[in-house]
Amino acid sequence: MKTALRQAWDWLAIKPHQRQGLRALQLCLGLMLLFRASTEGRFAAYLWGPQGLGEGSSKDFLSAPVARLADGIYTLDWGPAALVTLMGAAAISLVFGWSTRLATAVALLSSLFLAARLPELGDGGDNVARLVLTYMLFALPAHKAPRRGSLEVWLHNIAILAIGLQVCVLYLTSGFLKATGDKWSNGTALYLVSQVEWFSHPSMRQLFHNPYLTTAASYTTLFYQLWFPIAVLTRLRLPFLAFGLFLHLGIAGFMGLICFSLAMMGLELFLLTDEEYARAARWKERLGQALRARFRASVPTTEES
């Protein structure tokens, strides 16, 4: 027991973890927010402006007196466009790793204001992103080398644990909710989803006419989500994470849920350890050397030609 407690203490206190995974998460969330800014920015006034569709208030996350002042941004013709611009600028900073803590705060605040004004616009990925961005406020900025055992290291590692736990809770909750529904337990859920024009690509509607594929895909998704919190603690972790990446690529391609998929792919990549990223980099370098050597061997020298 003492040894386990000591190991947990050392893990939290000595050095920051998941630095590469956090960078991958920042990249994916940045791309997600940049996609939103680029596709929704031209309609900012229509969506969030004083005469727009949105009627919500920032009182959902601010106290009433502060919210009354903050809501003035929605009454200005240029206010929503300014919020989208700030979100886009923060997204670019996250993608390139510039001032990531400030970029995280700006991305979180701007997305909170936009979501509060028109909550119906999100696709699920926005809720996940806002939770994760909140935890990321306590993570170390990209490329910063902190003093071992400092408070910054503690806060970073606690944020890392919070993000990891959030992923597990998200999958487990989703899996249990699916398991209690008739459509998932009888294997027809993905067929029904694929026939909804709003949420599916035409090729998906034809593909899921196959009952064997529909049943297998429905049960596989259900199994993946229910077992995810356990699998990530076992040797099955890497296959599960790889499957998750392909799953969310499929959701982006067939269902058009780009923001949700980018957020979830970022969380999958986040769970890879720094050691695994280092091994992948070494494997990539060896592969590159082998390909270069083979290319040089295949090109005739001057004497040979």
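Okay, so let's go over this structure.

The rules behind the values
- Residues numbered from 1 in each chain as written.
- Predicted model: local features only at pLDDT ≥ 70, side-chain atom pairs only at ≥ 80, totals over all residues.
- Heavy atoms only, no water.
- 1 Å grid on protein atoms, 1.4 Å probe; cavity = no way out; pocket = protein on both sides within 12 Å on 5 of 7 lines; lining within 4 Å.
- Points joined across faces, edges and corners; volume = space filled by probe spheres on them.
- Helix = DSSP H or I, 4+ residues; strand = E, 2+ residues; numbered from the N terminus.
- Patch = residues over 30% accessible without salt bridge, like charges linked within 9 Å, V, L, I, M, F, W, Y side chains within 5 Å.
- Areas by Shrake-Rupley, 256 points an atom, 1.4 Å probe, with all protein chains shown as cover.
- Salt bridge = Lys/Arg side-chain N within 4 Å of Asp/Glu carboxyl O.
- Axes fitted to C-alpha atoms, helices over the stretch in contact; angles between N-to-C directions.
- Parallel < 35°, antiparallel > 145°, perpendicular 65-115°, else oblique.
- Left-handed = near helix turned anticlockwise from the far one by under 90°.
- Contact = heavy atoms within 4.5 Å.
- Phe/Tyr/Trp six-rings, centres within 6.5 Å; stacked < 30°, edge-to-face > 60°.
- Buried < 20%, exposed > 50% of the residue type's maximum accessible area, 1.4 Å probe, protein only.

The subject of this paragraph is empty space enclosed by the protein. Per the stated rule, a full pass over the model turns up one cavity of 30 Å³ or more. Considering only enclosed or pocket space, the largest cavity measures out at about 30 Å³ in volume. Looking at the largest cavity, the residues that line it are Met32, Leu33, Arg36, Ser111, Asp126, Ala129, Arg130 and Leu133. Of all the elements in the fold, those that place two or more residues in the lining of the largest cavity are helix H2 (19–40) and helix H7 (125–136). With four residues, H7 is the largest single contributor of residues to the lining of the largest cavity.

Taken together, the side chains of Phe43, Tyr46 and Leu53 present a nonpolar region at the surface, about 330 Å² in accessible area. Within the secondary structure, Leu53 sits in the loop between helix H3 (44–48) and helix H4 (64–70).

Attention now moves to the packing of helix H6 (residues 100–117) against H7. Axes are the key here: two packed helices are described by the angle between their axes and the distance separating the axes. Between H6 and H7, whose axes approach to 9 Å, the crossing angle comes to 150°. Between H6 and H7, the angle falls in the class roughly antiparallel. Judged by the twist between their axes, the crossing of H6 over H7 is left-handed. Residue-level contacts link Thr104, Ala107, Leu108, Ser111, Leu112 and Ala115 of H6 to Arg130, Leu133, Thr134 and Met136 of H7.

Moving on, we get to the packing of aromatic side chains. In this structure the tally under the stated criterion is eleven aromatic pairs. Ring geometry for Tyr171 against Phe228: centres 4.3 Å apart, planes inclined by 40°, an arrangement best described as tilted. Of the two residues, Tyr171 is situated in helix H8 (residues 151–179) and Phe228 in helix H12 (residues 211–231); the sequence distance between them amounts to 57 residues. Of the two residues, Tyr171 and Phe228, neither departs from the other in class, the shared state being buried.

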